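Per-entry structural report
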Amino acid sequence: MNKNILDISEIKKLSVDDLFKKLSSNKNGLSGSSANDRITEYGFNEISEKKVNPIIKFLSYFWGPIPWMIEIAAILSAIINHWEDFWVIFALLLLNATVGFWQEFKADDAINLLKKKLALTARVLRDGKWSEIPARELVPGDVVRVRLGDIVPADIKLFDGEYLNIDESSLTGESLPVEKQAEDVAFSGSVIRQGEMNGLVVATGMNTFFGKTAKLVEEAKTISHFQKAVIKIGNYLIVLAAFMIAIIFLASMFRHESFLDTLQFALVLTIAAIPVALPAVLSVTMAVGASVLAKKKAIVSKLVAIEEMAGMDILCSDKTGTITKNELTLAEVKPAEGFTGDDVLLFAALASREEDQDPIDSAIIGKAKSVKSISEKLGSYKIKEFKPFDPVIKRTEATIEDREGKTFKISKGAPQVLLSLIEGEDKEKISELINKEIDDYAKKGFRTLGVCKTDTKGKWQYAGLIPLFDPPREDSAETIKTAQEMGVDVKMVTGDHTAIGKQIAEKVHLKTNILEVSAFLDKPEREAMEIVEKADGFAQVFPEHKYRIVELLQQKNHIVGMTGDGVNDSPALKKADVGIAVAGATDAAKSAADIVLTSPGLSVIIDAIKESRHIFQRMNSYAIYRIAETIRVLFFITLAILVFDFYPVTAIMIVLLALFNDAPIMAIAYDNVKYSKNPEKWDMRVVLSMATFLGMIGLISSFGIFYIGQEVLHLTREVLQTFIFLKLAIAGHLTIFLTRTRGPFWSIKPSGIMFWSAVLTKLLATFVAVYGWFITPISWELALMVWGYALIAFLITDFLKVRIYKLLDHSDIIFHK
């Protein structure tokens, strides 16, 4: 492979053709490039990511506060010659490292899969044909086309085009766009803000000037509001554990008990009480959710967006391509005075580019080619200069040369924008006629496209209008109805005429209070917020208006989702709580968005909302379970030691409890849950109330089994400890089934993974107790008694749980009144 890569100074000095001769294997210049030869010579040059040795990664799980506590507990066990304790604690340490490594591996695997799906693509000219390939497959010597909204896929030497305005802020920190023209170099990772040009690839991957391409996927390191709340719960549990253990220490010192024994017990009790599994549960639940969404054509670029989407209550949706099909059909062309319908269609086709695969351009060119008289004329004109569509000025412009060598200009775009080009006495009359036609078409649901041409004096003339119809998607009405039933208010956002917006809104069962942006732009802040909140949609919207809409809705405490596809939508997508890049979006929009859709329509967004609410329910269940378990175990052990001077479980039993309880909770990421019909929010009052209730019921039932064992059955101290241990293990697993539903435990069937992981760990705990693995054995009769007691307590608790939820819901209604 050729490693003789050119440096940037040489690239800047050499002409495009000289560069091509240097880069091309057969040295024949621009016309003689062989892609296969160059791929053989250079190979694909991906960005090399820093690889971590898996052994080092695995060993890293033996470091940190939690592993250190486990390691100290193991060392203390060895010092006091409790070798059985040592080996079981060591097994816990090994399991903690193995589970952490495996869960992170799964999460990373899911993220890497998403990265591949979001990989940059490039338009490349090979074998005389334009095609789209993954950017990683570009090699020096390729000719690529970059246009508005693209992320530059490699370092390229520009030629064939007027200019580019390029945003290099992600590379240089310079906020202002840089203008580039032919013979300039566009750097990999920069964003095209204006213009369209071809370029020669001179460096790829790690050989580019900046050494990396723009990253479209953000690692799962951003902490969302929801994650912060769960981590706060973890910190609360750690403080609670520390307080209880301090009390145990004081009691043991007062009773002159062995310091090392007490320290070992305190360490393992801390391990059992704090949420060791919290990071793994979070990362796996997010990764599993992202994988599910990927299968449904929604690629998550920022994992935390899944959580934010659970609380989304307003979705601002683009009309074109999301609510409608984006399959444009042309109605009968309306020519202006002095032009024919064929003239208008011919001019429109000349002001379009087929290779850009723009829906409007494709519809116009397809129609022009289907008319024989127009198709024959197309070849007799030469396009001297072409200015691509710009979302700011909303039109394209082409300089054309006819057979006789005469040049003229054509512009195609928004009818009202083209009216500003017209000059002279007839402007008012033409404007009146054009606006009347636009309104008439809009009432029928047609978008209109204006076409202008310059005369021999260079004066612009209005050639006519092309009506376009974009029908609603078949599933839009049903999908919008589903969203509304889920508590999400859908607001249509369109750049089209207000009448078109209302027409489409009626067809998809949206309300028709569609406002022009002028209705709120110049209003005072408070009034503008009220107008935007009450509106059903917005028409004649420019990309910069989307940002303002999101801002005003957020000021009214709404969680806002915004869809977008263009480079100028990026600020709004970043500003929104959930930025959604729709199918066919530019690379710049994808990089700004939290979720990228690869399939058109709203239904994919609804799938994403449902999945995000599933994830919220799972995490809510985990939070209640973890707090309840900590209250139950910590309070029971602490009170038993203080009141009865009795250690109800040994250090080794606590380690085994931690092992048995954390294993099935990992399966919560795969559990069956029902999504809420309303946007989710983190209700700490309900979480803490229910967790405290379940913890206290568990505390009472634990003292119940303690009383039975000591006062009724008169068990020995060691047998009583195993008796209590088995009850704590079985009841702990059953708590998972209490927290996963608001109704009776049977109201939602658990997933197979969830059910069997709990059953198997319960059985394993029973075998440990009966056969005396590491602890004093008990009889099968006592084990079955514990099972019966735990199941009865479970059924009673479940009955009470449903009533408590009803009380909490009722008090919530009264509170909000």
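Refer to the structure above for everything that follows.
The structure reproduced in this document is the subject of the present report.

**Some words on the environment of L164**
You can see L164 is positioned in strand β5 (residues 164–167). For the pair formed by L164 and Q194, sequence separation is 30 residues and the distance between their alpha carbons is 5.6 Å. Setting aside residues up to four positions removed in sequence, L164 forms contacts with V146, L158, V178, E179, K180, I192, Q194, G195, E196 and M197.

**Structural notes on the packing of helix α21 (residues 525–534) against helix α22 (residues 543–555)**
Contact pair α21 / α22: the axes reach a minimum separation of 9 Å and the direction vectors enclose 100°. In terms of their interaxial angle, α21 and α22 are classed as roughly perpendicular. Residues E525, A528, M529, V532 and E533 of α21 lie in contact with α22, whose contacting residues are R548, I549, L552, L553 and Q555. Its residues placed into classes, the contact of α21 with α22 shows six nonpolar, one polar and three charged.

**Concerning the side chain of D470**
With respect to the element layout, D470 can be found in the loop between β17 (460–469) and α18 (476–485). Notably, D470 is buried but unbridged: the nearest opposite-charge side chain belongs to K319, and the N-O separation is 4.8 Å. A polar side-chain atom of D470 sits 2.5 Å from a polar atom in the side chain of T324. Not counting residues up to four positions away in its chain, the partners in contact with D470 are T320, G321, T324, K325, N326, E327, L328 and I504.

**A word on helix α14 (residues 359–370)**
An α-helix turns once every 3.6 residues. As a result, residues three or four positions apart point the same way. Its 12 residues give α14 an end-to-end C-alpha distance of 17 Å, which sits within 8% of 16 Å, the value for a rise of 1.5 Å per residue. On its buried face, α14 sits against β11 (329–330), α13 (341–350), α15 (372–378), β15 (407–413), β16 (446–454) and β17.

**Notes on the pattern of salt bridges**
Scanning the entire structure with this criterion turns up 26 salt bridges. Here D440 and K436 are joined by a salt bridge, their closest N and O atoms 3.2 Å apart. With D440 and K436 both in helix α17 (residues 427–443), this residue pair falls four residues apart, about one helical turn. Its salt-bridge partner being D798, residue K801 comes within 3.0 Å of it at the nearest N-O pair. Residue K801 and its partner D798 are located together in helix α30 (residues 780–816), separated by three residues, close to a single helical turn. By relative accessible area, which is 4% here, D798 ends up buried. Through salt bridges with shared partners, one network takes in R145, R147, E196 and R353.

**Some thoughts on the sheet that holds strand β20 (residues 537–539)**
Reading across from one edge, β9-β23-β22-β21-β10-β18-β20-β19 is the order of the eight strands in this open sheet, with mixed pairing throughout. Among the strands making up the open sheet, the edge pair consists of β9 (298–300) and β19 (514–516). Between one strand and the next, the sheet's axes are offset by a mean angle of 20°, whatever the strand orientation. As paired elements, strand β22 (residues 578–581) and strand β23 (residues 595–597) share two bridges and run parallel to each other. Bridge assignment links I580 to a residue of β23, and that residue is I595. Contacts between helix α25 (residues 603–644) and the sheet are confined to β9, β10 (314–318), β21 (560–564), β22 and β23, with β23 contributing the most and set at about 145° to the helix.

Rules and cut-offs
Residue positions are counted from 1 within each chain, in the order its sequence is given. Totals for whole chains, interfaces and linings use all residues, but because this is a predicted model, local features are given only for residues with pLDDT of at least 70 and pairs of side-chain atoms are given and counted only at 80 or more. Side-chain metrics in this entry use all non-hydrogen atoms of the structure; hydrogen atoms and water are not considered. Helix numbering and strand numbering both begin at the N terminus, where a helix is a DSSP run of H or I of at least 4 residues and a strand a DSSP run of E of at least 2. Contact between two residues is taken to exist if any of their heavy atoms lie within 4.5 Å; hydrogens are not considered. Axis definition: a line fitted to C-alpha atoms, over the contacting stretch in the case of helices. Angles run 0 to 180 degrees between N-to-C directions. Oblique is the label for any angle not under 35 degrees, not over 145, and not in the 65 to 115 range, which are roughly parallel, roughly antiparallel and roughly perpendicular in turn. The classification used treats Ala, Val, Leu, Ile, Met, Phe, Trp, Tyr, Cys and Pro as nonpolar, Asp, Glu, Lys and Arg as charged, and all other residues, Gly among them, as polar. Burial status follows relative accessibility: with a 1.4 Å probe on protein chains alone, a residue under 20% of its type maximum counts as buried, one over 50% as exposed, and anything between as partly exposed. Within this scheme the basic residues Lys and Arg register as positive and the acidic residues Asp and Glu register as negative, but His and the chain ends are omitted. One side-chain nitrogen of Lys or Arg within 4 Å of one carboxyl oxygen of Asp or Glu is enough to make a salt bridge. Under the rule applied, a polar contact is a pair of N or O atoms within 3.5 Å (in protein, one hydrogen donor and one hydrogen acceptor; residues adjacent in sequence only if both atoms are side-chain atoms). The span one expects for a helix is its residue count, reduced by one, times 1.5 Å. Strand pairing follows a simple DSSP-based rule, namely that at least 2 bridges must link the two strands.

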